[in-house]
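One-letter residues, chain by chain:
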Amino acid sequence: MSSPYTLINDAPLDRHNSFRVPARATLLAEVTAAEALPGLLALPAVRGKPLLVLGDGSNVLFTRDFDGLVIIVAACGIEILEDDGASARIRASAGENWNGLVRWSLTQGLCGLENLALIPGRVGAAPIQNIGAYGVEVAETLLSVEAFDRTTGKSVCLSREQCGFRYRDSVFKQQPERWIITAIALRLQRNAPLKLDYAGVREELAAMSVTQPTATNVADAVCRLRLRKLPDPAVIGNAGSFFKNPVVANEETQKLQAAHPGLPVFNAPDGKKLSAAWLIESCGWKGFREGDAGVSEKHALVLVNHGKASGAQLWSLAARIRDSVQGQFGVQLEPEPRIL
Ligand code: EPU
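Residues numbered from 1 in each chain as written. Predicted model: local features only at pLDDT ≥ 70, side-chain atom pairs only at ≥ 80, totals over all residues. Heavy atoms only, no water.

Honestly, the sheet that holds strand 10 (residues 142-149) in this entry has me stumped. Any pointers?
Sheet strands line up and pair through hydrogen bonds in the backbone, either parallel or antiparallel. A sheet is described by the order of its strands in space; here five strands give the open sequence 6-7-12-10-11, paired in antiparallel fashion. The open sheet has two edge strands with one neighbour each: strand 6 (78-83) and strand 11 (154-159). If you compare each strand with its neighbour and ignore which way they point, the axes differ by 20° on average. Bridging between strand 10 and strand 11 involves six bridges; their strand directions are antiparallel. Bridge pairing links Phe148 to Ser155 in strand 11. (Pairing = 2+ DSSP bridges. Helix = DSSP H or I, 4+ residues; strand = E, 2+ residues; numbered from the N terminus. Axes fitted to C-alpha atoms, helices over the stretch in contact; angles between N-to-C directions.)

What exactly am I supposed to notice about the domain arrangement of the chain here?
For the chain, the domain assignment lists domain 1 (5-73), domain 2 (78-189) and domain 3 (237-339). Relative to domain 3, the C-alpha centre of domain 1 lies at a distance of 29 Å. Around 1200 Å² of area is buried between domain 1 and domain 3 when both sides are counted, 58% of it from carbon and sulfur atoms. Looking at the side of domain 1 facing domain 3, the largest losses of area belong to Phe19, Asn59 and Leu61, adding up to 52% of the total buried there. Counting every contact that joins domain 1 to domain 3 gives zero salt bridges. Within the side of domain 1 that touches domain 3, the residues separate by chemical class into seven nonpolar, four polar and one charged. (Domains from an automatic or database assignment. Buried area = accessible area lost by both parts, 1.4 Å probe. Salt bridge = Lys/Arg side-chain N within 4 Å of Asp/Glu carboxyl O. Nonpolar A, V, L, I, M, F, W, Y, C, P; charged D, E, K, R; others polar.)

Please clarify how the site of the ligand should be interpreted in this entry.
Near the ligand, the surroundings consist of 23 residues, among which Tyr134, Tyr198, Glu281, His299 and Glu336 are the closest. Within the backbone of Tyr134, a nitrogen or oxygen atom sits 2.6 Å from an oxygen atom of the ligand. At 2.7 Å from an oxygen atom of the ligand is found a side-chain nitrogen or oxygen belonging to His299. Ranked by the residues each element gives to the shell around the ligand, the list is headed by helix 7 (residues 276-282), at three residues. Residue classes in the shell around the ligand are distributed as eleven nonpolar, six polar and six charged. In terms of domain composition, the shell around the ligand takes at least three residues from each of domain 2 (78-189) and domain 3 (237-339). (Near = heavy atom within 4 Å. Polar contact = N/O pair within 3.5 Å; in protein donor to acceptor, adjacent residues only side chain to side chain.)

The structure is reproduced here in structure tokens:
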């Protein structure tokens with residue numbers, strides 16, 4: 001039987017981060033079976049080392065080499081655990097491609113993931129920052145997460161409530177050294193109402209001449225929107241939105257709106273969510289470039305690597321953007337990807 005993991009010393013990470021910045025890891029392990037994790041983590045060369053779990057590296061910025069163990073969970077498989085005709089409970093392993101899971105669910109006649117089509121990355125990364133797009137977050141259909149808990153050395157199954165999901169946040173993001181996600185379970189419906197209210201979705205369906213949309217039509221519309229509005233990481237290095245949309249108190253929002261009537265504002269559970277892209281564009285950063293580090297011409301929230309930018313250069317550009325938004329609007333931006 002082939003080994004359930006491979007271990008490489010002094011491994012290049014260039015191909016394992018979608019910014020495509022150069023960085024190296026002391027050790028890189030690719031694990032094809034979740035059961036192999038306890039054995040791997042008990043190896044003397046590995047024990048006690050700082051740990052970083054990577055999927056496709058589509059939400060991470062390396063500002064330097066990583067002195068520790070990088071684990072890539074490459075275990076694959078998607079199965080229907082239970083299907084009562086109206087809905088199905090499915091399980092997907094962490095190493096599956098996210099968009100592959102979305103498309104698979106649609107071919108099974110299951111909906112709920114269509115608005116999340118084409119989000120880069122693997123299934124195991126989806127719960128970490130509670131991926132979301134076009135008015136939907138993965139937490140809405142997620143039932144549970146299987147993960148290896150490094151503090152106890154045991155595999156556990158966490159319910160949705162235990163995952164502590166919030167906007168782009170979860171217990172996995174809060175304690176990144178603790179959890180290694182190995183699989184997720186979702187409940188998907190056969191006949192749920194489609195979510196078409198996010199700006200641009202209905203217009204895109206109309207442009208496709210679709211009058212009675214199916215979930216697959218919605219996924220196609222979302223793909224068209226994303227391809228048009230966001231730079232493609234296969235073409236130009238990026239990690240999607242570089243900052244979270246800031247959530248600010250209602251009172252502060254009113255003051256900002258009075259001073260800046262064009263500022264897009266969305267409802268959030270604990271205040272109002274402001275458009276970080278609008279704030280950044282207003283400070284003049286959209287399309288900015290210095291050397292190979294820049295801000296996308298397509299979307300002000302996306303930092304891009306035009307070729308040979310280092311992570312440190314991108315991070316220093318991010319700091320300048322954050323300071324200028326703070327200076328002009330008094331709003332604090334927080335990075336969305338993990339900064340290492
Ligand atoms: N806008 C600008 N300038 C720009 C782009 C957008 O002013 O260059 C303004 C527009 O007014 C637009 C508003 O910002 O109406 C919102 O833009 P968009 O619909 O693109 O959404 P976003 O808030 O910028 C969020 C997610 C994206 C997700 C989109 C669509 C975050 C941090 N980002 O972006 O997620 O694709 O909504 O749902 O919440 C990601 O997380 O990596 C990501 C790409």
